[in-house]
Amino acid sequence: MSNVAIQMIIYCVILIALAIPLGKYIGKVMNGEKVFLSRIFVPCEKGIYRVLRLNKSDEDMGWKKYAVCCVVFSIFGFVILFFLQMFQKILPLNPEGIGGTSWHLAFNTASSFVTNTNWQAYSGESTLSYLTQMLGLTVQNFVSAATGIAVLFALIRGFIKVKQKGIGNFYKDMVRTVLYILIPLSLVIGIVIAAQGVPQTFKAYDEVELLEPIEVENEDGTITTVTKQVVPLGPAASQIAIKQLGTNGGGFFGVNSAHPFENPTIFTNLLEMISLLLIPAALCFTFGRNIKDKRQGRAIFIAMFVMLAIALGIIGYNEQIGTPQAAQGTTVAMEGSSVYSGGNMEGKETRFGIATSATWAGFTTAASNGSVNSMHDSYTPIGGMIPMLLMMLGEVVFGGVGCGLYGMIGFAILTVFIAGLMVGRTPEYLGKKIEPFEMKMAVFICLATPVAILIGSGIAALLPATVGSLNNAGAHGLSEVLYAYSSAGGNNGSAFAGFNANTPFLNISIGLVMLFVRFVPMIATLAIAGSLAQKKKVAVSSGTLPTHNAMFIVLLIFIVLLVGALSFFPALALGPVAEFLQMIG
Amino acid sequence: MNKKNNSIFADKAIMNRALKDSVKKLNPKVQIKNPVMFMVFVSAILTLILFVFALFGIRDAQPGFILAVSIILWFTVLFGNFAEAIAEGRGKAQADTLRASRRDVMANKIPSSEQRHKVTAVRSAELRKGDIVVVYAGEQIPADGDVIDGAASVDESAITGESAPVIRESGGDRSAVTGGTTLVSDWLVIEVTSEPGQSFLDKMIAMVEGASRKKTPNELALQLFLVALSIIFLLVTCSLYAYSLFSAGQLGKVNPTTVTSLVALLICLAPTTIGALLSAIGIAGMSRLNQANVLAMSGRAIEAAGDVDILMLDKTGTITLGNRQADAFLPVDGVSEKELADAAQLASLADETPEGRSVVVLAKEKFNIRGRNLEEMKAEFVPFTAKTRMSGVDYKDNEVRKGAADAIRTYVQESGGVYSKECDRIVKEISNHGGTPLVVAKNHQILGVIRLKDIIKSGVKEKFSDLRKMGIKTIMITGDNPLTAAAIAAEAGVDDFLAEATPEGKLDMIRDFQKQGHLVAMTGDGTNDAPALAQADVAVAMNTGTQAAKEAGNMVDLDSSPTKLIEIVKIGKQLLMTRGALTTFSIANDVAKYFAIIPALFMGLYPALGVLNIMRLHSAASAILSALIYNALIIVVLIPLALRGVKYREVAADALLKRNLLIYGVGGIIIPFIAIKLIDIILVMLFGI
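Conventions used here
Per chain, residue numbering runs from 1 following the sequence as it is written. The naming scheme follows written order: chains are lettered A onward, ligands numbered 1 onward. Confidence filtering applies because this is a predicted model: local features only for residues at pLDDT of at least 70, side-chain atom pairs given and counted only at 80 or more, and all residues used for totals across whole chains, interfaces and linings. In computing side-chain properties, one takes all heavy atoms of the structure into account and sets aside hydrogens as well as water. Strands here mean DSSP runs of E at least two residues long; helices mean DSSP runs of H or I at least four residues long; both are numbered from the N terminus. Within these notes, the globule rule equals 2.2 Å times the number of residues to the 0.38 power, and the radius of gyration is based on C-alpha atoms. Relative accessibility thresholds used throughout: buried, under 20% of the residue-type maximum; exposed, over 50%; partly exposed, between the two (1.4 Å probe, protein chains only). Note on contacts: a residue pair qualifies if any of its non-hydrogen atoms lie within 4.5 Å across the two residues. Computed with a 1.4 Å probe, the accessible areas rest on the Shrake-Rupley method; for each residue, only the protein chains presented here act as cover. Two aromatic rings from Phe, Tyr or Trp, using only the six-membered ring of Trp, form a pair when their centres are within 6.5 Å; if the ring planes differ by under 30 degrees the pair is stacked, by over 60 it is edge-to-face, and anything between is tilted. Residues qualify for a patch when their relative accessible area is over 30% and they have no salt bridge, like charges being joined within 9 Å and the nonpolar side chains of Val, Leu, Ile, Met, Phe, Trp and Tyr within 5 Å. Think of a salt bridge as a Lys or Arg side-chain nitrogen and an Asp or Glu carboxyl oxygen that are within 4 Å of each other. Where helices are involved, their axes are fitted lines through C-alpha atoms of the stretch in contact, as for all axes, and angles between N-to-C directions lie from 0 to 180°. The nonpolar class holds Ala, Val, Leu, Ile, Met, Phe, Trp, Tyr, Cys and Pro. Asp, Glu, Lys and Arg form the charged class, and all remaining residues, Gly among them, are polar. Contacts described as polar in this section are N or O atom pairs within 3.5 Å, which, within protein, must combine one atom able to donate a hydrogen with one able to accept it, while residues neighboring in sequence count only if both atoms come from side chains. A residue's pLDDT is simply how confident the predictor is in it, with values from 0 to 100. What counts as buried area is the accessible surface, traced by a 1.4 Å probe, that two parts surrender upon association, with contributions from both included. UniProt positions are given in the numbering used here, feature names are shortened, and annotations may be inferred rather than shown by experiment. Strand pairing is assigned whenever DSSP identifies at least 2 bridges connecting the two strands. An arc is given here, and it is the one of the directions from the helix axis to the C-beta atoms. Throughout, the term roughly parallel applies to angles under 35 degrees, roughly antiparallel to angles over 145, roughly perpendicular to angles from 65 to 115, and oblique to all others. Crossings are classed by handedness, with left-handed meaning an anticlockwise turn of the near helix from the far one by less than a right angle and right-handed meaning a clockwise turn.

## Examining the overall build of chain A
The number of helices and strands found in chain A is 19 helices and four strands. Taken over the C-alpha trace, chain A has a radius of gyration of 23 Å; the compact-globule value for 585 residues is 25 Å, and the two agree within 12%. Based on the C-alpha atoms only, the size of chain A along its principal axes is roughly 80 × 60 × 45 Å. Out of the 585 residues belonging to chain A, those deemed buried represent 64%.

Structure follows, in structure tokens:
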């Protein structure tokens, strides 16, 4: 057990050590301050603005215009991606001659990638051409991540500005984010993982002889001997770097980062795992820096980190002790040793083991990344419930790039609203009064996820067809349904495996859920930014509720957990909790 | 308005009216104004329908159970109505008293002040703005107005509750009169300033009755949050039905959830406690303000009072006692202190001003100089006049005078006396330290100086330091020169001061503070205060003040007490705190309710879930009913708290938060566990369910 704990602590320390300087860097980029990459990128930036005919005289957009830009930009991306999939058969860079997808799968995948969810109802190597992967998915991996960060920037400006209408320029925010933040980081990660063995090629799939032929029984009872294996290839490294960094998570190959070509070594595993939480963590520090009160950013970081640490602890503990069923009495040793990991190894790669798999599971569901290096369906009931809960909380434990933090700020607004009243003042956050309009929008931000998950999974549970998609019966079956909608409802995109999601109903309903939980909070956030920017800043005194101390951090955590718990207690009781109690009972 | 503070529950009339009103409020039109309680209302109707169906054999659950649920829900609605009705009760009673004083009287309308004899009798209800009336002793003032001629004493007890008559006269800051008050002496010519139906009394009635009560922004924001929570819980219960059906299908068992049990779960989870008490809290806050004899023109003003972080306080009456008092005799030019004291006492014996009396007191304290009979001494009192700016006595060819330094200086120098350097030095020193020098001369020779000092009210320093802890800065406003002001400010412990204050100076100061993001509260009475009052976030106009001041302010203090501002801030903060505390309590309660109901519903499906039944409730039915009964009763239990407001302390925000979280947050989690268990035990004892 201590082995698991030590590994987890090391991962977290590396994460924080990298996030702090990156946060500062992103803060500078947001403000257009000089950074060490300016010499290279300032000319590029200017060139892009010239092409876009964006004037140097900052066009500061009001929130409505900013929101329209966000939405229209996403619709544009959606349409391209939708048709790329449908017509990939007649488009170039398709050495395997893969056919066009069904319209509902195209809808689902397009919704999934423009919303930074990367839920995949398909398997990349058998469904999508190289062109679709590169021009469609990889591009969306960049721009959907950048959109989230841009909206966060707009919100930060809402807090800084006093009695102004504008909250920044969407196009500038996008260009800066992609150019200064996402491209350099992706280049570094992409090259390193390519050097470690991740393919980056346009070559067609390879075919190799199996070392040991396998006999497969056909449906009619005859036996076929398989001697050859197809090895899928493609421009994977470039996509994998950004899928981790941009909290996208959509694998190039079906089994995602459990695949040896996506995640060949323990080193790439470390790199990918850290990079999936890096930007969301760094943005907390950016927030503190740019509102000119580092303590505020630190408080939010600590609140998120405490929740992450608790989650990691519970997952790691439960996976290590396993279940009575996995132990099969005393037949299987659950305690690890120097040569043997012990614990619940079902669905986990032996090369990664318990600690790394559990940490990844925690990281990927805390951040709304959704890439996996083990199959969450095979986790112990409680070990699998925690990733589900992290998504149900609305992806605010770091969450997606940008959107995780603005979601958390939505919760901070709820918290100051309730706690602020108790100190005898009308609530305010960072010097801005929280009035009915902000409250309405904060409610949209915080409750979009529970609403989407409850409605989606509720309808799915009622439909007889859903039972056909399940891999397991009973309480675990309900967990599978819940997990699918939580993943979509948190814009996470990870799958519980075992759940066949490529059906018209599931494709469309999950697609709609993803769009809903992406754009409702996003527009609400921009509305808050616009409203706050127009307000005056209230002076701070000892009568002001402090929002940077331990008490506020505890309260914020409590409110996040409370909203999650109140919304999902019955669901979890009938799913993982019932399963857990049955197992030990 | 009485300042009686006895419990509202002791008043039978209010109680009876509230009980009646809570039934009247079952009108759907009233219910829909409170969305959370409307949901309970609809649920109550729904369960009643289910019960009727059950009687005819279409059974959602056991008819007895459905009926029990329905009855509890109806009571929940009634309890919510009652909370609001009783909060309105005191206001309604006040309004009735006020209405009684608003009777229609005949007014003596005149064409102009000069033609007082050309009286036309007009009903007071027909008086319009700009009409001129004359009122004589014993008559009621027919409408709000400004005195344009005459001076009289007026009994304003109908409005202020203060029985001592007040002086009203034309010009200056005492020219406003209120309709419904009565002239005790003399006569007044009044120009009417309000249109019929919009008089101060009308507004007052509407305010105390809550008729014109609009939801405040903060109340609206909170309601939004409560509605959102209710929607979530509605979805939780609906989806739970689906999960339950799905799970039962997977296990091949019968679906254990019924519509009735889900409705019960919904109402338990919905924030009904705060939903039912929300408007009562607002009305009660307003009512507390009224009891402090302050009328707020809007609920918004009370909330703003909670936010205020700058208090601009007038020095006189708030920080210092109204009058200066003698505190030292400082002889000059070799005169003995006793000699000075003797002369000073003599000069002040007939002086009835508080300053004069304080000189006599000081002389007695210091040298035991007793009162002398001036008549026996054939002494003649020389009163203070604006021209001489001195007062004193003449006796047996002696002349004793006391007065302002420059006045005495002229007085002695005119008759060849000397105004010594020593005297000048002392006079300046006293001024520099915040005192007022009074120079005493006998027979044109200066004896010395009496030092008059502002006396800081006892306890204000501690009060200001408490306010500072809460993040509220106090600013002293005074007409004194900066040196005097600084000395008093330091002694009283205010954070800042505005010396030689002019109306423009006040206005600029308020604007400056607001620009820095502060919220400013001030009191004012004169017409020249009106711009500053209009600018301030919380502006309390004195009832004795002018019409212009009253219109510019957002509150009127009927007592015209300068210290009222501090009390207003307290009431504002208490209102917000109560709202926050009860919201927290209401939400925290849900934890226990989940643990009561979820295991009860699903132990049939998954017996292992029995572990979650940590209260060991008797049965599914008893668990659901106990949680529902708790949910209804807690509203009644919390009504006194909602009306009284949570305990207010002058401490810093984080200390306040810690305390309230502990009581209402942690308490809100623990209490229902105990209470629900107790109710369950009682139910089992009574009905065996």
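Back to the text.
## With respect to the overall build of chain B
A tally of helices and strands in chain B yields 23 helices and 22 strands. Over its C-alpha trace chain B gives a radius of gyration of 34 Å, far above what one expects of a compact globule, namely 26 Å for 689 residues. For chain B, the spread of C-alpha atoms along the three principal axes comes to 120 × 60 × 45 Å. In chain B, which comprises 689 residues, the proportion classed as buried is 56%. Put simply, of all contacts in chain B between residues at least 6 apart along the chain, 70% involve residues at least 24 apart. Carbon and sulfur atoms make up 57% of the accessible area of chain B, which amounts to about 27900 Å² in all.

## Observations concerning the packing of aromatic side chains
Residue and element names in this part refer to chain A. Under the criterion given, the structure shown has 25 aromatic pairs over all chains. Ring centres of Y130 and Y205 lie 6.3 Å apart, and the angle between their planes is 50°; on these two criteria the pair is classed as tilted. Of the two residues, Y130 is situated in helix α6 (residues 130-160) and Y205 in the loop between α7 (170-195) and β1 (206-217); the sequence distance between them amounts to 75 residues. Both residues of the pair, Y130 and Y205, count as buried. With a centroid separation of 4.8 Å and an interplanar angle of 35°, the aromatic rings of F285 and F301 are classed as tilted. In this pair, F285 sits in helix α9 (residues 266-290) while F301 sits in helix α10 (residues 294-321), placing the two residues 16 residues apart along the sequence.

## Focus on a nonpolar patch on the surface
On the surface, L662, I663, V666, I670, I674, L678, I681, I682, M685, L686 and F687 of chain B cluster together into a nonpolar patch covering about 1100 Å² of accessible area. Considering the arrangement of structural elements, one finds I681 of chain B in helix α23 (residues 653-687).

## What about the packing of helix α3 (residues 35-55) of chain B against helix α7 (residues 217-251) of chain B?
Residues and elements named next belong to chain B. Two numbers describe how α3 lies on α7: the axes approach to 9 Å, and their chain directions differ by 35°. Contacts from P35, V36 and M39 in α3 reach Q223, L226, V227 and S230 in α7. Here the contact of α3 with α7 is built from residues that sort into five nonpolar, two polar and no charged.

## Regarding the side chain of T181 of chain B
Residues and elements named next belong to chain B. Tracing the backbone through its elements, the reader meets T181 in the loop between β7 (176-177) and β8 (182-183). Assessed through its relative accessible area of 0%, T181 is described here as buried. Among the polar contacts made by the side chain of T181, one reaches the main-chain carbonyl oxygen of T178 at a distance of 2.6 Å. Not counting the four nearest positions on each side in its chain, T181 is found in contact with E139, Q140, I141, V154, D155, E156 and I159.

## Thoughts on the pattern of salt bridges
Following the criterion strictly, the structure yields 39 salt bridges over all chains and no others. For E33 of chain A, the salt bridge identified is with R289 of chain A, shortest N-O distance 2.8 Å. Note that E33 of chain A is positioned in the loop between α1 (2-31) and α2 (38-52) and R289 of chain A in helix α9, a separation of 256 residues in sequence. Here E438 of chain A and K535 of chain A are joined by a salt bridge, their closest N and O atoms 2.9 Å apart. Highlighted residues: E438 of chain A in helix α15 (residues 436-462) and K535 of chain A in the loop between α18 (504-533) and α19 (550-584), separated in sequence by 97 residues. The two residues E438 of chain A and K535 of chain A agree in class, both being buried. Here the salt bridges share partners, and the residues they tie into one network are R425, E428 and K433 of chain A together with D307 of chain B.

## Considerations on the confidence of the model for chain B
All names here are of chain B. For chain B, the average pLDDT comes to 86, and 97% of its residues sit at 70 or higher. Predicted confidence in chain B is weakest over helix α5 (residues 157-160), with a mean pLDDT of 75, and strongest over α3, with 95. Scored below 50 in pLDDT, residues 1-6 makes 17 contacts in the model with residues more than four places away or belonging to other chains. Predicted complex, confidence summary: ipTM 0.91, pTM 0.87.

## Focus: the interface of chain B and chain A
Facing 63 residues of chain B, the contacting portion of chain A comprises 64 residues. Summing both partners gives a buried area of about 5300 Å² for chain B against chain A, and 78% of it is carried by carbon and sulfur. Put simply, chain B and chain A have one salt bridge between them. The salt bridge partner of K433 of chain A is D307 of chain B, with a shortest N-O separation of 3.3 Å.

## Looking at the environment of M377 of chain B
Residues and elements named next belong to chain B. With respect to the helices and strands, M377 occurs in the loop between α13 (354-367) and β13 (380-382). When its relative accessible area of 15% is taken as the criterion, M377 is described as buried. If we ignore the near neighbours within four places in the chain, the residues touching M377 are L346, R372, Y395 and K396.

## A look at the UniProt feature "active site" (unreviewed entry) in chain B
UniProt feature "active site" (unreviewed entry): in the numbering of this structure it lies at D314 of chain B. Judged by its relative accessible area of 23%, D314 of chain B is partly exposed.

## Things to note about the pairing of strand β4 (residues 145-149) of chain B
All names here are of chain B. Relative to β7, β4 runs antiparallel, the two being bridged by two bridges. Of the residues in β7, the one forming a bridge with D146 is A176. As defined by bridge partners, β4 adjoins strand β9 (residues 187-192) across four bridges and the pair is classed as antiparallel. Along β9, the bridge assignment pairs D149 with V189.

## A closer look at the sheet that holds β8 of chain B
Residues and elements named next belong to chain B. An order of β6-β5-β8 is seen for the three strands of this open sheet, with the pairing classed as antiparallel. Of all the strands in the sheet, just β6 (166-169) and β8 have a single pairing partner and so form its edges. Here strand β5 (residues 151-155) pairs with β6 via four bridges, running antiparallel. For A152, the partnering residue across the bridge sits in β6 and is R168.

## Comments concerning unusual backbone geometry
Trans peptide bonds make up the majority, and among non-glycine residues the majority have a negative phi. One non-glycine residue with positive phi stands out, namely N491 of chain A, at about 50°. With respect to the helices and strands, N491 of chain A occurs in the loop between α17 (474-489) and α18. Judged by its relative accessible area of 6%, N491 of chain A is buried. In the Ramachandran plot, D333 of chain B falls in the positive-phi region, its phi being about 55° despite a non-glycine side chain. Looking at the secondary structure, you find D333 of chain B in the loop between β12 (320-331) and α12 (337-348). Given the relative accessible area of 37%, D333 of chain B is considered partly exposed.

## As for helix α17 (residues 482-492) of chain B
Residues and elements named next belong to chain B. Every buried residue of α17 is accounted for by T484, A485, I488, A489 and A492. The buried side chains of α17 occupy one side of the element, clustering within an arc of 130° when seen end-on. Looking one or two places after α17, you find G493, whose phi comes out positive at around 75°.

## So, the pairing of β9 of chain B
Pairing analysis gives five bridges linking strand β3 (residues 132-136) of chain B to β9 of chain B, with the strands arranged antiparallel. Residue pairing for β9 of chain B: V133 of chain B is matched across the bridge by I190 of chain B.

## Quick word on the sheet that holds β9 of chain B
All names here are of chain B. The antiparallel open sheet is built from six strands, whose spatial order is β2-β1-β3-β9-β4-β7. Each edge of the sheet is formed by a strand with only one pairing partner; in this case those strands are β2 (120-123) and β7. Sheet topology places strand β1 (residues 106-110) next to β3; three bridges connect them, and they run antiparallel. From the neighbouring strand, I110 faces β3, where its bridge partner is I132.

## Brief notes about the environment of V540 of chain A
Residue placement: V540 of chain A occurs in the loop between α18 and α19. Sequence separation between V540 of chain A and E428 of chain A is 112 residues, and the spatial gap between their C-alpha atoms is 9.9 Å.

## Digging into the packing of α17 of chain A against α7 of chain B
Between α17 of chain A and α7 of chain B, whose axes approach to 8 Å, the crossing angle comes to 140°. Here α17 of chain A lies oblique to α7 of chain B, going by the angle between them. Taken as a pair, α17 of chain A and α7 of chain B cross one another with a handedness that is right-handed. Taking contact as the criterion, the partners of G474, G477, L478, V481 and L482 of chain A in α17 of chain A are, on α7 of chain B, Y243, F246, S247 and Q250 of chain B. A breakdown of the residues in the contact of α17 of chain A with α7 of chain B according to their chemical character gives five nonpolar, four polar and no charged.

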